[in-house]
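Spelled out from the first residue to the last, the chains are:
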Amino acid sequence: MKKHNFNAGPCILPKSAIESALAAINDFDGTGIGILEISHRTPGWERVMAETEQLWKELLHIPEGYKVLFLGGGASTQFCYVPFNLLGKKAAYLQTGVWAKKAIKEAKLFGEVEVVASSEDLNYTYIPKEYTIPTDADYFHITTNNTIYGTEIHTDINSPVNLIADMSSDILSRPVDVSKYAMIYGGAQKNVGPAGVTFVIIREDILGKVDRQIPTIIDYRTHIKDSSMFNTPPVFSIYVMYETLKWVKELGGLEAMYKINKEKAALLYDEIDRNAMFVGTAKTEDRSLMNICFVMADAYKDKEADFMAFAKERGMVGIKGHRSVGGFRASTYNACPIESVKALVACMQEFEKMNK
Ligand SMILES: Cc1ncc(COP(=O)(O)O)c(C=O)c1O
């Protein structure tokens, strides 16, 4: 039976990226040696690193003055790298979910943290809009897409201080005005590749402003200087990222990707709003294009396990909501085909008919 992969991350990747990765496992770049077995000092590999950075620059129209880094440790490690490198006295954070909260916890180890607003009062089902960004902060940190709750900041906000964004779960889903951000980072394992590599897009002029000593491996300048090869990079994960970026480019880049993502999300949200058995959990204007969260309507609460089993029988994978929210979450990342979204919608309609 065909499986429809709605996992929240790691998640579905483009077929072409998987096929290229499979071929490269046997033979990387005509070397007769597999990608898992080559040295990262192989000339062919240095070319892949350079082209991967170039693809990022092209797809996101990254202006001069920024570097793209490929590091280990996941987005969670960046929660500590960011304040270590950038927090002098004070930083401002927007608390839109537990990932933001974890970033705040780390920042507090390095200086004063002002949480400008939080949506914890309603279990992070909305994005706070009324807040003031303190102009004496070294930076303002946001999480653009809240993977667990299905909320998203849909525009590139204006910040009077350096804007830093965790874009783990919506990077490359829409065009972004990179010039509005001092730094963008995230784990690759949603829209850009498998787990194991973390992307960091950073404006170089924000570095070197804090007084504290920074361990070499944690200092962004180390990785800039050595083009992400200070230590062994996660070779295979970067290779799959490279192939994924090529796929996005072939599809037509971020404008094209955004159009498809809006179409997919509209299909599913329309069904959630139409079908009396289901209710969306995120505030309508803040609904994510990537993680679509919904629960059974009150009158059908006892049907949750039945729907889960029904959907599973029809090939739906990974639609269980995060344990802190419950219900269902369909992650419709870039590589999730519209056919899978249609299959889930059909499944919800069939379930509705059976229960009438
Ligand atoms: C928005 C967001 N930030 C951070 C993380 C943590 O990423 P990692 O597991 O790469 O540390 C996640 C993981 O799902 C996430 O969704």
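For the structure, check the block above.
Quick notes on the rules
Residues numbered from 1 in each chain as written. Predicted model: local features only at pLDDT ≥ 70, side-chain atom pairs only at ≥ 80, totals over all residues. Pairing = 2+ DSSP bridges. Helix = DSSP H or I, 4+ residues; strand = E, 2+ residues; numbered from the N terminus. Axes fitted to C-alpha atoms, helices over the stretch in contact; angles between N-to-C directions. Buried ≥ 20, exposed ≤ 12 C-beta atoms within 10 Å, placed from the backbone. Contact = placed C-beta atoms within 7 Å. Near = placed C-beta within 6 Å. Nonpolar A, V, L, I, M, F, W, Y, C, P; charged D, E, K, R; others polar.

1. Description of the sheet that holds strand β2 (residues 66-71)
Link 1 in the chain: Pairing is mixed across the open sheet formed by 7 strands, whose spatial order is β2-β10-β9-β8-β5-β3-β4. In this open sheet, the two strands that pair with only one neighbour each are β2 and β4 (112-118). Across the sheet, the mean angle separating the axes of adjacent strands is 20° when strand polarity is ignored.
Link 2 in the chain: Relative to strand β8 (residues 162-166), strand β5 (residues 139-143) is paired through 5 bridges, and the arrangement is parallel. Counterpart to F140 in the pairing with β8 is L163.

2. Thoughts on the environment of I206
Link 1 in the chain: Among the secondary structure elements, I206 is positioned in the loop between β10 (198-203) and α5 (220-225).
Link 2 in the chain: A residue is classified by how many C-beta atoms lie within 10 Å of it, and I206, with 17 of them, is partly exposed.
Link 3 in the chain: Each C-alpha atom, one on I206 and one on D306, is 53 Å from the other, the two residues being 100 residues apart in sequence.
Link 4 in the chain: Other than its neighbours up to four places away in sequence, I206 contacts L86, N162, A182 and M183.

3. Overview of the site of the ligand
Link 1 in the chain: Around the ligand, a shell composed of G9, G74, A75, S76, W99, T143, T147, D166, S168, S169 and G187 is seen.
Link 2 in the chain: The greatest single-element share of the shell around the ligand, amounting to 3 residues, is contributed by helix α3 (residues 74-86).
Link 3 in the chain: Considered class by class, the residues forming the shell around the ligand number 2 nonpolar, 8 polar and 1 charged.

4. A look at the pairing of strand β14 (residues 328-331)
Link 1 in the chain: Judged by which residues are buried, β14 turns out to be covered on both faces: F328 and A330 on one side and R329 and S331 on the other are all buried.
Link 2 in the chain: Where strand β12 (residues 291-296) lies against β14, 4 bridges are found, and the strand directions are antiparallel. For C293, the partnering residue across the bridge sits in β14 and is R329.

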